[in-house]
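What follows is each chain in one-letter form.
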Amino acid sequence: MSTQDELKKAAAAAAIEFTMSRVCKSSIIGIGTGSTANFFIDLLAECHHNFLGTVASSHISEDRLRTNGIKVLDPNDISELRVYVDGADEINSDLELIKGGGGALTREKIICAMAQEFLCIADNSKCVKSLGKFPLPVEVIPIARNKVARELIRLGANPKWRREFITDNGNEIIDAHGLWPIESPKALEAEINQISGVVTNGIFAKNSPNTVLISSPNQITTHVRQENISKLLL
């Protein structure tokens with residue numbers, strides 16, 4: 001039986017093949033944060049000559065990229081990424097995600113929005129029928145923490161302050177427990193983002209991945225966002 005790390009590495013290896021089929025010498029690749037993204041970074045070192053450089057969603061990923069000899073660029077110095085590769089904490093059948101377990105959700109959303117294509121990679125333990133069993137991360141400006149927590153309670157959540165954790169942006173994280181099942185991820189994503197003091201939350205429904213690679217024992221399955229298929233048929 002495959003271990004979870006073996007499944008993550010298998011997903012990362014499939015993502016390397018997918019990514020290399022889309023880039024050229026002048027391409028820039030967006031890199032996410034987390035254990036699956038780390039496997040991708042380590043494998044990416046073997047083919048760094050096939051692209052120009054990377055943009056990362058966290059200082060941790062930047063450091064790992066540089067350690068592997070991969071060029072890291074400032075997002076403000078580029079206008080577009082060819083592809084953004086990242087993991088997820090939960091994935092539903094509509095390819096909507098919860099992300100942010102590592103606290104990099106804001107930068108992940110920014111870099112994701114810069115990319116022509118968003119590739120999500122994960123092992124099959126991340127697949128769920130409904131989002132919300134994984135506590136939803138919400139990045140907040142520090143002076144608004146208690147205010148935002150009260151608003152999350154109003155939405156039915158049990159908010160927990162992620163103590164002694166500061167994001168790369170100098171903000172704090174509230175993990176919203178008890179929201180399962182999230183019936184309308186897009187609506188909840190928008191509603192939470194409208195709360196004063198919220199920087200963003202970890203629902204990726206507005207900018208969901210174009211493609212998801214899921215690793216299971218003995219196989220990798222590819223899932224494509226339905227609207228992408230529709231566009232190809234037009």
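Anything mentioned here points back to the structure above.
Regarding the overall build of the protein
Each helix and strand in the protein was counted, giving seven helices and 13 strands. Here the C-alpha coordinates of the protein stretch approximately 50 × 45 × 35 Å along the principal axes. Burial analysis of the protein (234 residues in total) assigns 53% to the buried set. Pairs at least 24 residues apart make up 74% of the contacts formed inside the protein by residues separated by at least 6 positions. Put simply, the protein shows about 11,300 Å² of open surface, and 50% of that area lies on carbon and sulfur atoms.

Focus on the environment of Met-114
Here Met-114 is to be found in helix H4 (residues 105–114). The contacts of Met-114, once residues within four sequence positions are left out, are Pro-75, Ile-78, Glu-80 and Leu-81.

Re the side chain of Ser-57
Following the sequence through the fold, Ser-57 ends up in the loop between strand E2 (53–56) and helix H3 (59–67). One polar contact links Ser-57 to Thr-33, side chain to side chain, over a distance of 2.6 Å. What Ser-57 contacts, discounting residues up to four positions off in sequence, is Ile-31, Gly-32, Thr-33, Tyr-84, Ala-104, Arg-107, Glu-108 and Ile-111.

Overview of the pairing of strand E6 (residues 118–123)
Of all six residues that make up E6, six are buried, and the element is covered over most of its length. Side chains Phe-118, Cys-120 and Ala-122 project from E6 onto one buried face, and the interleaved Leu-119, Ile-121 and Asp-123 project onto a second face that is buried too. When strand E3 (residues 83–86) meets E6, the two strands line up parallel, connected through three bridges. Pairing of Val-85 across the sheet is with Leu-119, part of E6. One ladder, built from five bridges, connects E6 with strand E12 (residues 211–216); its direction is parallel. Bridge assignment links Ile-121 to a residue of E12, and that residue is Leu-213.

Quick word on the pairing of E12
Burial within E12 is extensive, with six of its six residues counted as buried. What you see with E12 is no split at all: Thr-211, Leu-213 and Ser-215 on one side and Val-212, Ile-214 and Ser-216 on the other are buried throughout. Pairing geometry for E12 and strand E13 (residues 219–224), over six bridges, is antiparallel. Bridging across to E13, Leu-213 finds its partner in Thr-222.

Remarks on the packing of aromatic side chains
For the structure on display, the rule yields one aromatic pair. Between Tyr-84 and Phe-118 the ring centres are 5.3 Å apart and the planes differ by 40 degrees, which places this aromatic pair in the tilted class. Residue Tyr-84 is located in strand E3, and its partner Phe-118 is located in strand E6; the two are separated by 34 residues in the primary sequence. In this structure, Arg-22 packs its charged tip against the face of Phe-18, placed 3.7 Å from the ring centre.

Structural notes on the packing of helix H2 (residues 35–44) against H3
Relative orientation of the contacting elements H2 and H3 amounts to 25 degrees, with a least axis distance of 9 Å. Our classification of the angle between H2 and H3 gives roughly parallel. In this structure, the crossing between H2 and H3 has a hand that is right-handed. For the pair formed by H2 and H3, the contact residues are Asn-38, Ile-41, Asp-42 and Leu-44 on the first element and Ser-61, Arg-64 and Leu-65 on the second. Looking at the contact of H2 with H3, its residues break down into three nonpolar, two polar and two charged.

Regarding the sheet that holds strand E7 (residues 136–140)
Reading across from one edge, E8-E9-E7-E10 is the order of the four strands in this open sheet, with antiparallel pairing throughout. In this open sheet, the two strands that pair with only one neighbour each are strand E8 (158–161) and strand E10 (198–201). The mean inter-strand angle of the sheet, taken between neighbouring strand axes irrespective of direction, is 30 degrees. With five bridges connecting them, E7 and strand E9 (residues 172–177) associate as antiparallel partners. Of the residues in E9, the one forming a bridge with Pro-137 is Asp-175. Packed onto the sheet, H4 meets E7, E9 and E10 and runs at close to 70 degrees relative to E10. Lying on the sheet, helix H6 (residues 185–193) is in contact with E7 and E10; it crosses E10 at an angle near 165 degrees.

Cut-off values and rules
Residues numbered from 1 in each chain as written. Predicted model: local features only at pLDDT ≥ 70, side-chain atom pairs only at ≥ 80, totals over all residues. Heavy atoms only, no water. Helix = DSSP H or I, 4+ residues; strand = E, 2+ residues; numbered from the N terminus. Buried < 20%, exposed > 50% of the residue type's maximum accessible area, 1.4 Å probe, protein only. Contact = heavy atoms within 4.5 Å. Areas by Shrake-Rupley, 256 points an atom, 1.4 Å probe, with all protein chains shown as cover. Polar contact = N/O pair within 3.5 Å; in protein donor to acceptor, adjacent residues only side chain to side chain. Pairing = 2+ DSSP bridges. Phe/Tyr/Trp six-rings, centres within 6.5 Å; stacked < 30°, edge-to-face > 60°. Lys NZ or Arg CZ within 6 Å of the ring centre and 35° of its normal. Axes fitted to C-alpha atoms, helices over the stretch in contact; angles between N-to-C directions. Parallel < 35°, antiparallel > 145°, perpendicular 65-115°, else oblique. Left-handed = near helix turned anticlockwise from the far one by under 90°. Nonpolar A, V, L, I, M, F, W, Y, C, P; charged D, E, K, R; others polar.

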